[in-house]
Amino acid sequence: MGSGIPKDHAKAMYWHRKQAEQGSVQAQFDLGKKYFSGSGVPQDYAKAVYWFRTAAEQGDATVQAHLGTLYQRGEGVAQNYVHAYAWYSLAAAQGWGELLGADLAKLMTKEQIAEAQKLAPTLLKTAEHNSQPPKSTKPAKPGSGTGFVVTELGHLVTNAHVVANCTSVQVMAIPVVL
């Protein structure tokens, strides 16, 4: 990869940031990691958390669990078990990180857990916050997942994605022939 071509970190960061700004969750997560560790850029926890949160708000379970860990440990943000548990809950709703929240719950009061559960659905990005118009006018394709939950904000959260402004869910059973 890049054989015979000189490395240009500035140009690479330019294109990486451009992808992140256009909504690529992976690019947002990668930028967060770079800023957090100071890899190729000056270490900047505020920028790291910004990019982690931007990706997590789009429903990526891995990033949500990662952000929960930052809040639990107080790395780059003030330590906050309620926020940590809320992010872990969102990740767990997609089948990721159930044990993280369970371990943290042992350190929390019942009131803190209740507060985190109330907070969790509000952390996802809503359509009103998205200033970009939809890229396509084609009807949405049906989604599928092994499990799902509809948040109070109308987001359908599955193990693979988040669908904003969900108004109904159709569950279909597909017979399996053995």
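Since we're looking at a predicted model, the values are computed, not measured. (Residues numbered from 1 in each chain as written. Predicted model: local features only at pLDDT ≥ 70, side-chain atom pairs only at ≥ 80, totals over all residues. Heavy atoms only, no water.)

## Notes on the packing of aromatic side chains
And step 1. A complete count under the given rule lists five aromatic pairs for this structure.
And step 2. Measuring from ring centre to ring centre gives 4.9 Å for Phe36 and Tyr45, while their planes differ by 50°; the resulting arrangement is tilted.
And step 3. Here Phe36 falls in the buried class, since its relative accessible area comes to 19%.
And step 4. With relative accessibility at 38%, the residue Tyr45 sits in the partly exposed group.
And step 5. Ring centres of Tyr50 and Trp51 lie 4.9 Å apart, and the angle between their planes is 80°; on these two criteria the pair is classed as edge-to-face.
And step 6. Under the relative-accessibility criterion, Trp51 is labelled buried at 6%.
And step 7. Aromatic ring contacts, followed pair by pair, group Phe29, Phe36, Tyr45 and Phe52 into a single cluster. (Phe/Tyr/Trp six-rings, centres within 6.5 Å; stacked < 30°, edge-to-face > 60°. Buried < 20%, exposed > 50% of the residue type's maximum accessible area, 1.4 Å probe, protein only.)

## Considering the packing of helix H4 (residues 61-73) against helix H5 (residues 81-92)
Two measures define how a pair of helices packs: the angle their axes make with one another and the distance between the axes.
And step 1. Orientation of H4 relative to H5, taken along the N-to-C sense of each, is 165°, at an axis distance of 8 Å. By the criterion of interaxial angle, the relationship of H4 to H5 is roughly antiparallel. In the packing of H4 onto H5, the handedness of the crossing is left-handed. Touching Ala61, Gln64, Ala65, Leu67, Gly68, Thr69, Tyr71 and Gln72 of H4 are Tyr81, His83, Ala84, Trp87, Tyr88, Leu90 and Ala91, all from H5. (Axes fitted to C-alpha atoms, helices over the stretch in contact; angles between N-to-C directions. Helix = DSSP H or I, 4+ residues; strand = E, 2+ residues; numbered from the N terminus. Parallel < 35°, antiparallel > 145°, perpendicular 65-115°, else oblique. Left-handed = near helix turned anticlockwise from the far one by under 90°. Contact = heavy atoms within 4.5 Å.)

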